[in-house]
Amino acid sequence: MVDVLVIGSGPAGYTAAIYAVRAGYKVKLVTGNQDGGQLTITSFIENYPGFSEKITGPQLMMQMRQQAENLGVEIEYDVIESVDFSNRPFICKGESSVVYESRSVIVATGANAKWLGLESENKYKNKGVSACATCDGFFFKNKVVAVIGGGNAAVEEAIYLTNFASKVFLIHRRDSLKAEKIMQTRLMENSKIEVIWNSRVAEILGDEKKVTGVLLENNGELRKIDLDGIFVAIGHAPATAIFSGKLDLDEAGYIVVSGTRTSVRGVFAAGDVCDPIYRQAIVSAGQGCKAAIDADKFLSIES
Ligand code: NDP
């Protein structure tokens, strides 16, 4: 039995655990499949304050884990497969068959970018293929890049990338965009952006070391475009399957929160699992801190 069970090991989870343990609570953190979360599959991180030298995603997450361990957080390499929030203490069951009992829970299971599913896409991840313009756009100064998708995220990323790139293609599989009208107007008015309609990415091309182009298919016709980077912006999926029916979720599956409070008293959420907009490590860390402070308030009233 612990005071705070943190589910998830990204910046939100580790920050929540660090704050909760420093508030004097017994804290356990269950990592999930990928200890460190989404940052463990990114390359360099230049926008997380506090590191004047370049740091990689895995290094940053290793630091967070070590910091949490040093402060006394118990880390479990397990995956929660079911939760019972109907009574307190809360019960969470792990794939390992371990049953975790806790007085409060902080959910920080994150979200995963959706990918096209091509082998070449996987091969060139971090070598020109990215799912985050805010994170990686800076590395494409005066280069040619493409954004895949037609929603708000794709349009926003395309516009954002014009701050760095010399040319940005927006490649969409239909003849119209899903993005809001005002975003579409901004897109069309930007002279650095060219929209390629009705085109599906057939292959991502590279020279083994980095991306060199993309092969597009339109009604059976193939077209090759030379470029340096590809940003896949076809949506994100929050990792909330085990919370369905247990916590209020919105129509896209994100946990509905008020501050960090979920629909169940004593259960809090932080990071990408409840944030479809910002999706940044620093924002998730900030939300993790807030969730721990809210859990502290809840626990001190309860006891
Ligand atoms: P969306 O689900 O809105 O859009 C996804 C886009 O990707 C669609 O155009 C879809 O095409 C396309 N797509 C999906 N799968 C594939 C595939 N396999 N191959 C090619 N294209 C594909 O996701 P977003 O990430 O854009 O947005 C998520 C939510 O966040 C939305 O509610 C959005 O409004 C919000 N958001 C808001 C922002 C803002 O307000 N500034 C910024 C960013 C996001 P198709 O239309 O053909 O299905």
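Everything quoted here is computed from the prediction, not taken from an experiment.

Participant: I'd like a description of helix α2 (residues 57-71), backed by residues and values.
Facilitator: Look at α2: 21 Å from first C-alpha to last across 15 residues, which is about the 21 Å you get at 1.5 Å a residue. Against the buried residues of α2 lie α1 (11-22), β3 (44-45) and β4 (55-56). G72 sits one or two positions beyond α2 and adopts a positive phi of about 110 degrees.

Participant: I'd love a proper account of the site of the ligand, names of residues and values included.
Facilitator: In the neighbourhood of the ligand, 14 residues make up the surrounding shell, with N152, A153, E156, R173 and R174 lying closest. One nitrogen or oxygen atom from the side chain of R173 is found 2.8 Å from an oxygen atom belonging to the ligand. A distance of 3.3 Å is found between an oxygen atom of the ligand and a side-chain nitrogen or oxygen belonging to K178. Isolated, the ligand exposes 910 Å² of accessible area, and the fraction of that covered by the protein chains is 70%.

Participant: Please provide a residue-by-residue account of the pattern of salt bridges, values included.
Facilitator: For the coordinates displayed, the defined rule picks out 13 salt bridges. Among the ionic pairs, R200 bridges to E217, the shortest N-O distance being 3.1 Å. Separated by 17 residues along the polypeptide, R200 in strand β14 (residues 200-206) and E217 in strand β15 (residues 211-218) bring together distant segments of the chain. The network of salt bridges with common partners includes K26, K28, E74 and E76.

Participant: Run through the sheet that holds strand β10 (residues 129-130), naming residues and quoting values.
Facilitator: Strand order in this open sheet of five strands is β10-β17-β11-β12-β13, and the pairing throughout is parallel. At either end of the open sheet lies a strand with only one pairing partner, and these are β10 and β13 (193-196). Bridge count between β10 and strand β17 (residues 229-232): two bridges; the pairing is parallel. The partner of V129 across the bridge, within β17, is I230. Contacting β11 (144-148), β12 (167-171), β13 and β17, helix α5 (residues 152-161) crosses the sheet at an angle of about 170 degrees to β11.

Participant: So what about a nonpolar patch on the surface? Which residues, and what values?
Facilitator: A grouping of F44, F138 and F139 is seen on the molecular surface, where their side chains present a nonpolar patch of about 260 Å² in accessible area. With respect to the helices, strands and loops of the structure, F44 is situated in strand β3. The exposure class of F44 is partly exposed, given its relative accessible area of 36%.

What counts, and at which threshold
Residues numbered from 1 in each chain as written. Predicted model: local features only at pLDDT ≥ 70, side-chain atom pairs only at ≥ 80, totals over all residues. Heavy atoms only, no water. Helix = DSSP H or I, 4+ residues; strand = E, 2+ residues; numbered from the N terminus. Expected span 1.5 Å × (residues − 1). Contact = heavy atoms within 4.5 Å. Near = heavy atom within 4 Å. Polar contact = N/O pair within 3.5 Å; in protein donor to acceptor, adjacent residues only side chain to side chain. Areas by Shrake-Rupley, 256 points an atom, 1.4 Å probe, with all protein chains shown as cover. Salt bridge = Lys/Arg side-chain N within 4 Å of Asp/Glu carboxyl O. Pairing = 2+ DSSP bridges. Axes fitted to C-alpha atoms, helices over the stretch in contact; angles between N-to-C directions. Patch = residues over 30% accessible without salt bridge, like charges linked within 9 Å, V, L, I, M, F, W, Y side chains within 5 Å. Buried < 20%, exposed > 50% of the residue type's maximum accessible area, 1.4 Å probe, protein only.

Purely geometric stuff here, so don't read any function into it on its own.
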